[in-house]
Amino acid sequence: MVDPMGVITEAFTSFVFGKVETTRLPVRTSTGQAQAVYLPTAAPGLGDSGVIIGREVYSGKGYIYDPFQLYGQQLPAPHWLVLGESGNGKSALEKTYVLRQLRFRDRQVVVLDAQGEDGVGEWNLIAQQLGITPIRLDPMAALDGGIRLNPLDPSITTTGQLALLRTIIEVAMGHGLDERAGFALKVAHAYVNETVTDRQPVLTDIVEQLRHPEPDSAESMNVDLDDVRAWGLDVALVLDRLVDGDLRGMFDGPTTVGIDLDSPLIVFDLSHIDRNSIAMPILMAIVGVWLEHTWIRPDRKKRIFLVEEAWHIINSPFVAQLFQRLLKFGRRLGLSFVAVVHHLSDVVDGAAAREAAAILKMASTRTIYAQKADEARATGRVLGLPRWAVEIIPTLTPGIAVWDVNGNVQVVKHLITEAERPLVYTDRAMTEDSLTAALAAEAEAEARAAEAVEQRLAEEGLAGEADGYDRYGPYAPYGPPASGTSESTVA
């Protein structure tokens with residue numbers, strides 16, 4: 001129903017003031033230009049609980065990450081994969097990450113250190129700073145009072161010992177044990193455990209029993225004693241390499257007294273082992289099972305297991321299966337597995353492609369440093385990265401990486417404090433002049449990164465919004481832990 005008074009009022013207003021409505025013509029523009037009328041926004045972070053990694057490149061805000069705080073909410077699993085070519089900052093990231101995690105009293109870290117210089121592993125300086133002696137596994141030093149890890153240590157369950165022996169043999173042989181060889185190993189292991197009670201059983205006891213099996217073992221299966229001896233011959237030859245071959249001394253005696261499994265940081269120095277020899281996966285298998293049965297305990301501690309040169313693990317099907325089980329088991333007890341790899345093709349195209357895919361699937365956090373364009377595309381396909389992230393990976397400068405935390409993808413600049421810098425730059429051949437040059441190169445790389453950010457924002461119609469990039473000074477990565485609390489909250 002028309003309101004007469006309203007009609008009269010509108011007519012009078014139009015007569016006195018003229019027509020007030022105007023017709024606005026449409027304006028055609030692109031989304032890149034139109035977005036300039038909106039306030040710039042940044043992708044949401046991961047919360048404020050954990051350790052500071054650095055700053056998000058495009059917004060300048062602090063980037064905080066902690067798998068234990070995010071697990072169950074934003075992360076389905078606390079495991080982490082770090083990729084990138086040498087010289088881009090993977091090692092610096094892992095070292096500062098461990099140092100910052102150790103500021104919380106309920107953290108414990110084990111590092112498998114496969115690289116080194118000047119006769120020691122690259123984690124040696126950090127261990128010294130914390131007053132910790134690395135567990136240096138060295139075939140040459142083992143015969144002269146070096147470190148030993150006994151696969152038959154009583155602290156490992158009987159089932160765990162047998163599983164470890166099988167894994168060692170399968171890794172060395174390159175194929176699984178058949179039923180007959182497995183039976184010979186099982187009866188030899190059972191006999192040694194029953195009869196050697198006055199000391200720790202050692203591998204020499206197993207080898208001796210395989211060479212000279214007991215008649216009872218043959219009678220129990222109604223077979224000839226010579227058959228049991230023949231079944232165990234290949235197994236005995238493999239184990240003999242650990243007893244009297246090129247790996248002797250490291251595993252053929254009681255576990256060295258004084259290895260502190262309650263230390264906040266445990267470093268296994270593998271730098272004296274040839275990375276391309278069969279010794280490396282055998283070592284990984286022994287250390288993995290030994291830790292599973294002696295280190296991971298239901299004591300409410302949150303543990304980090306960091307493996308440098310992790311492709312040695314994932315390239316061996318038997319060792320990969322062992323670590324896959326460790327990851328599934330450790331997740332219930334607060335274990336975060338961190339694998340550092342140069343190229344994803346090292347593992348997905350290797351002999352253990354199926355096992356590698358399973359391990360990669362459990363890594364909900366992926367950090368990718370600079371790679372060549374073809375490698376970046378392959379990485380993007382395997383990890384399901386967005387196209388923009390794949391395109392930016394080849395252009396990343398040292399210290400900047402793409403972080404994918406269960407689908408939350410951001411570009412992050414890793415920050416190193418002055419206190420951490422001497423522990424991160426561990427090249428002992430560097431002089432003060434070369435260190436100055438390295439710092440200058442880092443500053444130049446950061447300037448180039450800031451310029452790239454400005455250029456990208458300009459292309460998107462947000463020129464000038466990157467000015468805040470350099471206004472954010474270095475974040476204090478960690479402070480004294482709060483007394484009596486395990487909450488990883490940044491003050």
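Data block above holds the structure.
The structure contained in this document is the topic of the report that follows. Remember, predicted model here, so these are calculated numbers, not experimental data.

1. Looking at the nonpolar core
Reasoning step 1: Counting residues in hydrophobic clusters, the biggest one holds 91 residues, and the most contacted among them are L137, L239, F268 and F305.
Reasoning step 2: Looking at this core, the element that brings in the most residues is helix α13 (residues 279-294), giving 11 residues.
Reasoning step 3: With residues up to four places along the chain from it excluded, the contact list for L239 reads L165, I169, I206, V207 and L210.
Reasoning step 4: Judged by nonpolar contacts, the second largest core, of 34 residues, contains F68, L75, F104 and V267.

2. Focus: unusual backbone geometry
When glycine is set aside, most residues are seen to have a negative phi, and most peptide bonds are trans.
Reasoning step 1: A positive phi angle is found at R300, which is not glycine, with a value near 70 degrees.
Reasoning step 2: Residues other than glycine seldom take positive phi values, yet N406 does so here, at roughly 55 degrees.
Reasoning step 3: Looking at where N406 falls in the secondary structure, it is placed in the loop between β12 (400-405) and β13 (408-414).
Reasoning step 4: Assessed through its relative accessible area of 43%, N406 is described here as partly exposed.

3. Digging into the pattern of salt bridges
Reasoning step 1: All told, the structure shown has 16 salt bridges when counted by the stated rule.
Reasoning step 2: For the salt bridge of D106 with K302, the shortest nitrogen-to-oxygen distance reads 3.3 Å. Taken as a pair, D106 in the loop between α4 (90-101) and β4 (107-113) and K302 in strand β9 (residues 302-307) lie far apart in primary sequence, 196 residues in all.
Reasoning step 3: Here E170 and R166 are joined by a salt bridge, their closest N and O atoms 3.7 Å apart. Of this pair, E170 and R166 both sit in helix α7 (residues 158-173), four residues apart, which is roughly one turn of that helix.
Reasoning step 4: Residue classification places E170 among the buried positions, given a relative accessible area of 11%.

4. Quick word on the packing of aromatic side chains
Reasoning step 1: Per the stated rule, a full pass over the model turns up nine aromatic pairs.
Reasoning step 2: Relative to W80, the ring of Y65 has its centre 5.4 Å away and its plane inclined at 55 degrees; by these criteria the two rings are tilted. Of this pair, Y65 sits in strand β2 (residues 62-65) while W80 sits in strand β3 (residues 79-83), and the two are 15 residues apart along the sequence. Neither Y65 nor W80 differs from the other in exposure class; each is buried.
Reasoning step 3: Aromatic pair Y65 and Y97: ring centres 6.4 Å apart, planes at 40 degrees, arrangement tilted. Within this pair, whereas Y65 is found in strand β2, its partner Y97 is found in helix α4, the two being separated by 32 residues in sequence.

Each value, and the rule that gives it
- Residues numbered from 1 in each chain as written.
- Predicted model: local features only at pLDDT ≥ 70, side-chain atom pairs only at ≥ 80, totals over all residues.
- Heavy atoms only, no water.
- Core = buried A, V, L, I, M, F, W, Y, C linked by side-chain atoms within 4.5 Å.
- Buried < 20%, exposed > 50% of the residue type's maximum accessible area, 1.4 Å probe, protein only.
- Helix = DSSP H or I, 4+ residues; strand = E, 2+ residues; numbered from the N terminus.
- Contact = heavy atoms within 4.5 Å.
- Salt bridge = Lys/Arg side-chain N within 4 Å of Asp/Glu carboxyl O.
- Phe/Tyr/Trp six-rings, centres within 6.5 Å; stacked < 30°, edge-to-face > 60°.

Functional significance is not addressed by these values, which are geometric in nature.
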